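Letter by letter, the chains look like this.
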Amino acid sequence: MNITLPRDLGSAAPKVSLEVSYPGQGQSNITYNRAQTYRFHINSTPAAGYSGDVLIRMFAELTDPIDEIDPQNLIVTTATGRTLEWTTDIRSGDYVNHIVISGDLGAFRTNGNATDSRAFDVVLNYVGNFTLTFQAFDLNSNETLSAPTTAGPMWVPIKGSLSVSALSGEWRTNVNGTFFVVLVNFTNNWNIRHTVYASGLVINNGDQDFTANSSATAFVSQQLIPLNGNTQFLAWFDVTGDRADFTMRYNDPVSGETYNVTLPPGSG
């Protein structure tokens, strides 16, 4: 069906009414998690005496803070295992244009009194405020049968942290001198992409801080994908002193947080 934006029913009497239910509906200050699956239910009730083929179409947009939704930002799977394929269009607003994606949730035939009830799973695969709209149309004529029914806004805030660990540590000597070398692992537990930097790593020998040597350390930075994206690399330090006195931390220049990193025992 080539309907890419919700339609105003106007003064026409609806021939089908829709009722949508989902987790957190009507609750104040609720937030949702990125990449978590939420089960929705939609009930479609025809007006008395109406019969025909009814298509339920779904529309979605993303606002606050993002004004553009990508088809990968929302994954909807029907009870039969079919994943909705999205069509993209632009809705003009009072202050800004919004990208709207739309897809066919499913169809049914009513004989004038039979209702339709179906479940489907929704994954909010980005951060921001998702607004989901559902509307019924005649499958054959494209006639608008119901008023738009909205779920949301469903707020997915930015949240998370990094996991930083030292997997090994040892002294190494080469033509450039003696270094304490640490194998560091970063895991991105944020629900957005997050960049990690070798320059944020610090070893303290009990008296002063030593940052990773930028010439000896090949790794500079890497952007990690959300939710468990990870990387590891060797960080080389010109640190001096007794290994037993060393402490390590990562000063995250992105979030401003400081992570204490436990050096493994027996490492040098």
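Residues numbered from 1 in each chain as written. Predicted model: local features only at pLDDT ≥ 70, side-chain atom pairs only at ≥ 80, totals over all residues. Heavy atoms only, no water.

A. Spatial organisation of the packing of aromatic side chains. Overall, the coordinates contain 12 aromatic pairs when judged by the stated rule. Aromatic pair Phe59 and Phe137: ring centres 6.5 Å apart, planes at 75°, arrangement edge-to-face. Highlighted residues: Phe59 in strand E3 (residues 50–63) and Phe137 in strand E8 (residues 128–138), separated in sequence by 78 residues. The exposure classification of Phe59 matches that of Phe137, with both residues buried. (Phe/Tyr/Trp six-rings, centres within 6.5 Å; stacked < 30°, edge-to-face > 60°. Helix = DSSP H or I, 4+ residues; strand = E, 2+ residues; numbered from the N terminus. Buried < 20%, exposed > 50% of the residue type's maximum accessible area, 1.4 Å probe, protein only.)

B. Just the environment of Asp104, in detail. Tracing the sequence through the fold places Asp104 in strand E6 (residues 97–112). A residue is classified by how much of its surface remains accessible, and Asp104, at 25% relative accessible area, is partly exposed. Along the sequence, Asp104 and Met1 sit 103 residues apart, while their C-alpha atoms lie 7.8 Å from each other. Apart from the residues within four sequence positions on either side, Asp104 is in contact with Met1, Leu55, Ile56, Arg57, Arg82 and Leu84. Within the structure, the side chain of Asp104 is placed 2.4 Å from the side chain of Arg57, a separation counted as a polar contact. (Contact = heavy atoms within 4.5 Å. Polar contact = N/O pair within 3.5 Å; in protein donor to acceptor, adjacent residues only side chain to side chain.)

C. Representation of the sheet that holds E6. Strand order in the open sheet formed by 5 strands is E5-E6-E3-E8-E9, and the pairing between neighbours is antiparallel. Two strands in the sheet have a free side with no partner beyond their single neighbour: strand E5 (87–92) and strand E9 (149–156). The sheet shows a mean angle of 30° between the axes of neighbouring strands, taken without regard to direction. For E8 and E9, the ladder comprises 6 bridges, and the chain directions are antiparallel. Within E9, the position partnered with Phe134 by the bridge is Thr149. (Pairing = 2+ DSSP bridges. Axes fitted to C-alpha atoms, helices over the stretch in contact; angles between N-to-C directions.)

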